[in-house]
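Residue strings, one per chain:
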Amino acid sequence: MAHNVPLDMQTEIMKRLPVKSLIRFQSVSKTWKSVIHSSDFIACYSRHQQQQQHLLLRYHDDFKEKYVSVVDDDSFPEQRVSLTAPLLVNTLKYSTIIGSSHGLLCSYSLSHCLDALIHGRCMAVISNPSVGKAVGVVVPNFKTGRIYNTSLGFGVCRETSDPIIVKVTHIINSPDIESITSIPRQIEVFTLSERAWMVVDVDGVLYWLASDRTTQWYNLIVSFDMTSEEFREVNLPGSLADDNMFIWGLSIYKIRESIAVLECDINVVWVTENGVSKSFTKLCTIDVNMPYASLIGFRKSGELIIQIYEAGPRTNKYVVYEPYSKHIDDVEFGGMSFSLCVPYMETLLLLDQPNFKVYDDMETFQLPSSFVY
């Protein structure tokens, strides 16, 4: 029947299908496989999928990382599908997520610290749970000492769909900290298209919570514009900027075009007004009448997703909290306990990448499937 339908019409139909269907279609026809793997189709598919946001929930089962993708619309949370992390992701022991963008996740392992101290290198993994593909990236000159530290950021260029890792090395302590008036530029960028670390023009903005210790210790948000390659500062509200507030007592989120900051110990949420600006306003104090509640993410509507801890294994519950009306709805995710909740979209990025490929400035190599980092 397919040969009676023009190929351009078949292509338009495929753009509207879920990733799992497209993965199966690769085995049906060489023509379809060629279309699905083409850069034009992958870019068009990503643009189409941006109209339908999902939430990606991460959990661990038998020490393996797994995910649930939930459609974030009026049916929430009924439409959901289980995803298995690519094999390369599970070679990282005790991994943490650097960031998520355009359906891709980037993580690295906390167990890299000893190797980083000795060799100054660690490995990050960029993965796409929808297609089950991942690539490794060796991060050079990774600092974990008492004076210098390395922070990593991740994004995907809106124009080229190129995955990007940004590495910023900064001073965290110095015997002569008060004499430091400027920190030398120590920024490196890895793009998957170039497969190397360099300084390039890319699109997007990354955000970090930071502390300024040059004159007086205060907290702030630092943004890095990947197009202009410029750092900017966003001032926090007085109580959050105060040196009595430790930076690890704050969490940062992106809600549509705004930044949200959670004051963890008292569950107060602050957001920037009119997008990313210099002014914060208090959004809400999370009040769900439960002593052990924590914010794990936001829906695209701005509603908060809150995890409530209860006694016993696998008994955590989840609610959706509307910050203005304070209305609470219970949500059911199948009894699983999640450690991450981020905006997500289905994409075909990394589909053309071989499994267990690791990119290094010195060489490109293939890891054995039994490798654990």
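Preceding this section is the structure that the text describes.
Because the structure is predicted, anything quoted here is derived from the model rather than measured.

> In this structure, what is going on with the sheet that holds strand 19 (residues 293-298)? I would like to understand it.
Whether parallel or antiparallel, the strands of a sheet pair through hydrogen bonds between backbone atoms. Read across the sheet, four strands follow the order 19-20-21-22 without closing on themselves; strand pairing throughout is antiparallel. Looking at the sheet topology across the chains shown, the edges are occupied by strand 19 and strand 22 (328-331). The mean angle between the axes of side-by-side strands here comes to 30 degrees, regardless of whether they run parallel or antiparallel. With four bridges joining them, strand 21 (residues 317-321) and strand 22 adopt antiparallel strand pairing. Its bridge partner lying in strand 22, Val319 is registered against Asp330.

> Help me understand the packing of helix 1 (residues 7-14) against helix 3 (residues 30-37) in this model?
A pair of packed helices is captured by two measures, namely the crossing angle of their axes and the spacing between those axes. One way to put it is that helix 1 packs onto helix 3 with a least axis distance of 11 Å and a crossing angle of 60 degrees. Here helix 1 lies oblique to helix 3, going by the angle between them. Where helix 1 crosses over helix 3, the handedness of that crossing is right-handed. Between helix 1 and helix 3, the residues in contact are Leu7, Gln10, Thr11 and Met14 and Thr31, Trp32, Val35 and Ile36, respectively. Its residues assigned to classes, the contact of helix 1 with helix 3 comprises five nonpolar, three polar and no charged.

> Explanation requested: the pattern of salt bridges in the structure shown.
Pairing between side chains of opposite charge can happen when the charged atoms of each approach one another. Counted under the stated rule, the structure contains eight salt bridges. Of the charged contacts in the structure, one is a salt bridge between Glu12 and Arg16, with a shortest N-O distance of 3.4 Å. The exposure class of Glu12 is partly exposed, given its relative accessible area of 36%. Look at Arg16 and you get exposed, because its relative accessible area is 52%.

> Is there a simple way to explain the environment of Val271 in this structure?
Mapped onto the secondary structure, Val271 falls in strand 17 (residues 268-272). Measuring from C-alpha to C-alpha, the distance between Val271 and Tyr253 comes to 9.2 Å, with 18 residues separating the pair along the chain. The contact partners of Val271, leaving out residues within four places of it in the chain, are Ile255, Ile259, Ala260, Ser279, Phe280, Thr281 and Leu283.

Cut-offs used in this document
Residue numbers run consecutively from 1 along every chain, following the written order of its sequence. Per-residue local features of the predicted model are confined to residues with pLDDT of at least 70, and side-chain atom pairs are confined, for both listing and counting, to 80 or more; whole-chain, interface and lining totals are unaffected and use all residues. Heavy atoms from the whole structure form the basis of all side-chain values; hydrogens and water molecules are not counted. By this definition, two strands are paired if DSSP reports at least two bridges between them. Starting at the N terminus, helices and strands are each numbered in turn, a helix being any DSSP run of H or I of at least four residues and a strand any DSSP run of E of at least two. Note on geometry: axes are C-alpha line fits, over the in-contact stretch for helices, and angles between N-to-C directions span 0 to 180 degrees. Oblique is the label for any angle not covered by the other classes, which are roughly parallel (under 35 degrees), roughly antiparallel (over 145) and roughly perpendicular (65 to 115). Helix crossings get a hand from a simple test, with the near helix turned counterclockwise from the far one by less than a right angle marking a left-handed crossing and a clockwise turn marking a right-handed one. Whether two residues touch is decided by their heavy atoms; if any such pair falls within 4.5 Å, the residues are in contact. Just so you know the grouping, Ala, Val, Leu, Ile, Met, Phe, Trp, Tyr, Cys and Pro go in nonpolar, Asp, Glu, Lys and Arg go in charged, and all remaining residues, Gly too, go in polar. Each reported salt bridge corresponds to a side-chain nitrogen of Lys or Arg within 4 Å of a carboxyl oxygen of Asp or Glu. Partly exposed residues are those whose accessible area sits between 20% and 50% of the maximum for their type, while under 20% is buried and over 50% is exposed, using a 1.4 Å probe and protein chains only.

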